[in-house]
Amino acid sequence: MNSTSPAAKAWIVTGPTSGIGHRTALELAQHGTVVLVGRSPDKLREVEAEINALPQGHAVTVVCDFSDLASVRRAAAQIATLDLPVAGLLNNAGISPMGPASTAQGWDLAFTTNHLGPFALTEALIPHLPDGVNVVFTCSAVEDPKRKPATMAGFRGGRYISAEACLRGEWQPGGATRPGLDAYATSKQCNLATVLAFAREMPRLRFNAVEPGLNPGTGLARDAGAVTRFAAKYVAQPLAPFIKYWSTPKRAARMITGVLTDASGATGVYYDENGKPMLGSDQVRDAAFSARVVAETRALLAELSRQPA
Ligand SMILES: NC(=O)c1ccc[n+]([C@@H]2O[C@H](COP(=O)([O-])OP(=O)(O)OC[C@H]3O[C@@H](n4cnc5c(N)ncnc54)[C@H](OP(=O)(O)O)[C@@H]3O)[C@@H](O)[C@H]2O)c1
């Protein structure tokens, strides 16, 4: 840290090594210590150095692979022992594989990385979080089957059957024809369901969701072909500020930082790319559905923790 006194607040950011999470970590550096939680030690060190070079910048790093629950448990324990004055947790790390993809255990990779891992980290950290801490999840409107731009891109909304079915990579029939889309949309619907259910369950903390807008050119489409990635970065990205529902990592980072540092006490709110409240799908707004997602996720994590590693 460049100043002699410790920062009064600390902000935990997952996925700070690329795209939206990287820009948000830089923004949050103006508000206190940033706890960088990512899977690549080399990339984490780069972002740590970038933040520590800023005036008043202070970052610490924690290695965590969200596709590996043992790694998530270790990371949560490490964050707890840092004993920092945590004011916010941003669950931002995520992937969008272009096809069916599995972990070493054969679990659906998008569901494990985007939902199970962040859910496990959040639940492990909750007992250590002081009252009023703001927990934010980066969600996506592709979970809503009525969202026009998402359906035009081939999404058919979240296709949740059960947490166990998601782990096996099974989705409600009638979904997308392009592989990977149902897994991504369902995992992001689980993020939003988690926020809405946790906000009802735990009034001492605040749980909010953000839809960052379509941010072309981040690492999210890294599985896409070279031509698509080139077009996203050099054609779509410059147009993003002028298109409805689109954004840039810099703009998304400012919006997310505003939500994370908001002191109004708002909880259970889903914010759009402009920081205005928006609605999720009919399904996710059904309290029984979001409670079921949370209950089934807890049961699944308990079952998985009993299995040999
Ligand atoms: N881009 C969009 O248009 C858009 C729209 C709606 C929602 N979102 C959401 O926004 C979030 C950030 O996406 P982005 O567009 O900024 O993508 P990105 O540039 O690919 O960044 C994703 C971040 O997640 C990390 N990550 C991926 N897998 C991980 C794992 N197994 N363990 C730990 N960290 C992992 C990546 O680490 P590495 O650097 O090591 O790969 C990276 O730091 C995601 O949750 C995404 O679903 C994005």
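Please refer to the structure placed before this passage.
Computed from a predicted structure; not experimentally measured.

Scoring rules and cut-offs
Residues numbered from 1 in each chain as written. Predicted model: local features only at pLDDT ≥ 70, side-chain atom pairs only at ≥ 80, totals over all residues. Heavy atoms only, no water. Near = heavy atom within 4 Å. Polar contact = N/O pair within 3.5 Å; in protein donor to acceptor, adjacent residues only side chain to side chain. Areas by Shrake-Rupley, 256 points an atom, 1.4 Å probe, with all protein chains shown as cover. Helix = DSSP H or I, 4+ residues; strand = E, 2+ residues; numbered from the N terminus. Nonpolar A, V, L, I, M, F, W, Y, C, P; charged D, E, K, R; others polar. Phe/Tyr/Trp six-rings, centres within 6.5 Å; stacked < 30°, edge-to-face > 60°. Buried < 20%, exposed > 50% of the residue type's maximum accessible area, 1.4 Å probe, protein only. Lys NZ or Arg CZ within 6 Å of the ring centre and 35° of its normal. Pairing = 2+ DSSP bridges. Contact = heavy atoms within 4.5 Å. Axes fitted to C-alpha atoms, helices over the stretch in contact; angles between N-to-C directions. Core = buried A, V, L, I, M, F, W, Y, C linked by side-chain atoms within 4.5 Å. Right-handed = clockwise from strand over helix to strand, strands pointing away. Salt bridge = Lys/Arg side-chain N within 4 Å of Asp/Glu carboxyl O.

**Student:** I'm lost on the site of the ligand in this one. Help?
**Tutor:** Around the ligand lies a shell of 30 residues, among which T17, S18, Y184, T218 and R222 are the nearest. Here K43 contributes a side-chain N or O atom positioned 2.9 Å from an oxygen atom of the ligand. Measuring from an oxygen atom of the ligand, one finds a side-chain N or O atom of R222 at 2.7 Å. Contact with the protein chains hides 97% of the accessible area of the ligand, taken as 900 Å² for the molecule alone. Contributions of two or more residues to the shell around the ligand are made by α1 (19-28) and α7 (181-201). For the shell around the ligand, the residue count by class is 11 nonpolar, 14 polar and five charged.

**Student:** What is the right way to look at the packing of aromatic side chains in this model?
**Tutor:** Any aromatic ring pair is given by two values, namely how distant the centres are and how the planes are angled relative to each other. A complete count under the given rule lists five aromatic pairs for this structure. For the ring pair F119 and F198, a centre distance of 5.3 Å and an interplane angle of 55° mean the geometry is tilted. One end of the pair, F119, is in helix α4 (residues 109-125); the other, F198, is in helix α7, and 79 residues separate them in sequence. The same class applies to F119 as to F198, namely buried. The ring of Y245 has R147 lying over it, and the distance from NZ or CZ to the ring centre is 4.2 Å.

**Student:** Just to check I follow, could you spell out the sheet that holds strand β4 (residues 86-91) for this structure?
**Tutor:** Working definition: the strands of a sheet are paired by backbone hydrogen bonds and lie parallel or antiparallel to each other. Across the sheet, which stays open at both edges, the seven strands sit in the order β3-β2-β1-β4-β5-β6-β7 with parallel pairing between neighbours. Here the strands that pair on one side only, and so sit at the sheet edges, are β3 (59-63) and β7 (270-271). Of the strand pairs in this sheet, strand β1 (residues 10-14) and strand β2 (residues 33-38) are connected by five bridges, and their pairing is parallel. When the bridges of β2 are listed, T14 appears paired with V37. α7 contacts β5 (134-138), β6 (206-210) and β7 of the sheet and is inclined by roughly 150° relative to β6.

**Student:** I would appreciate a short explanation of the environment of A29 in the present structure.
**Tutor:** Its place among the elements puts A29 in the loop between α1 and β2. Separated by 30 residues in the primary sequence, A29 and A59 have C-alpha atoms spaced 7.7 Å apart. Discounting chain neighbours no more than four positions away, the residues touching A29 are V34, I51, L54 and Q56.

**Student:** Help me out: how do you make sense of the pairing of β6 in this one?
**Tutor:** As a general feature of sheets, a regular strand has side chains that alternate between the two faces. By the criterion of burial, β6 is predominantly enclosed, with five of the five residues buried. What you see with β6 is no split at all: R206, N208 and V210 on one side and F207 and A209 on the other are buried throughout. Note that β5 and β6 share five bridges and pair parallel. Note that in β6 the partner of V136 across the bridge is N208. Bridge count for β6 against β7 is two bridges, and the pairing is parallel.

**Student:** Honestly, the nonpolar core in this entry has me stumped. Any pointers?
**Tutor:** The nonpolar side chains of a soluble globular protein tend to be buried, and buried together. The biggest cluster of nonpolar side chains holds 57 residues, and the ones touching the most others in it are I12, V37, I79, F111, L121 and F207. It is α7 that provides the largest number of residues to this core, a total of nine residues. Apart from residues no more than four positions distant in its own chain, I79 is found in contact with I12, V35, V37, V62, L121 and L125.

**Student:** When you look at the pairing of β3 in this model, what are you seeing that I'm missing?
**Tutor:** Note: β2 against β3, five bridges, orientation parallel. Counted as the bridge partner of V37 is V62 from β3. Remark: the β2/helix α2 (residues 41-52)/β3 crossover connection has right-handed handedness.

**Student:** What is the right way to read the pattern of salt bridges from this model?
**Tutor:** According to the stated counting rule, one finds 10 salt bridges in the structure shown. The partner of R204 in a salt bridge is D131, with the nearest N and O atoms 2.9 Å apart. You can see R204 sitting in the loop between α7 and β6 and its partner D131 sitting in the loop between α4 and β5, a full 73 residues away along the chain. Classification of R204 by relative accessible area gives partly exposed; the value is 34%. For D131, a relative accessible area of 59% translates into the label exposed. Residue E201 is joined to R298 by a salt bridge in which the shortest nitrogen-to-oxygen separation is 2.7 Å. Separated by 97 residues along the polypeptide, E201 in helix α7 and R298 in helix α11 (residues 287-306) bring together distant segments of the chain. For E201, a relative accessible area of 42% corresponds to the partly exposed category. A residue is classified by how much of its surface remains accessible, and R298, at 29% relative accessible area, is partly exposed. Taken together, the shared-partner salt bridges in this structure form one network comprising E123, E201 and R298.

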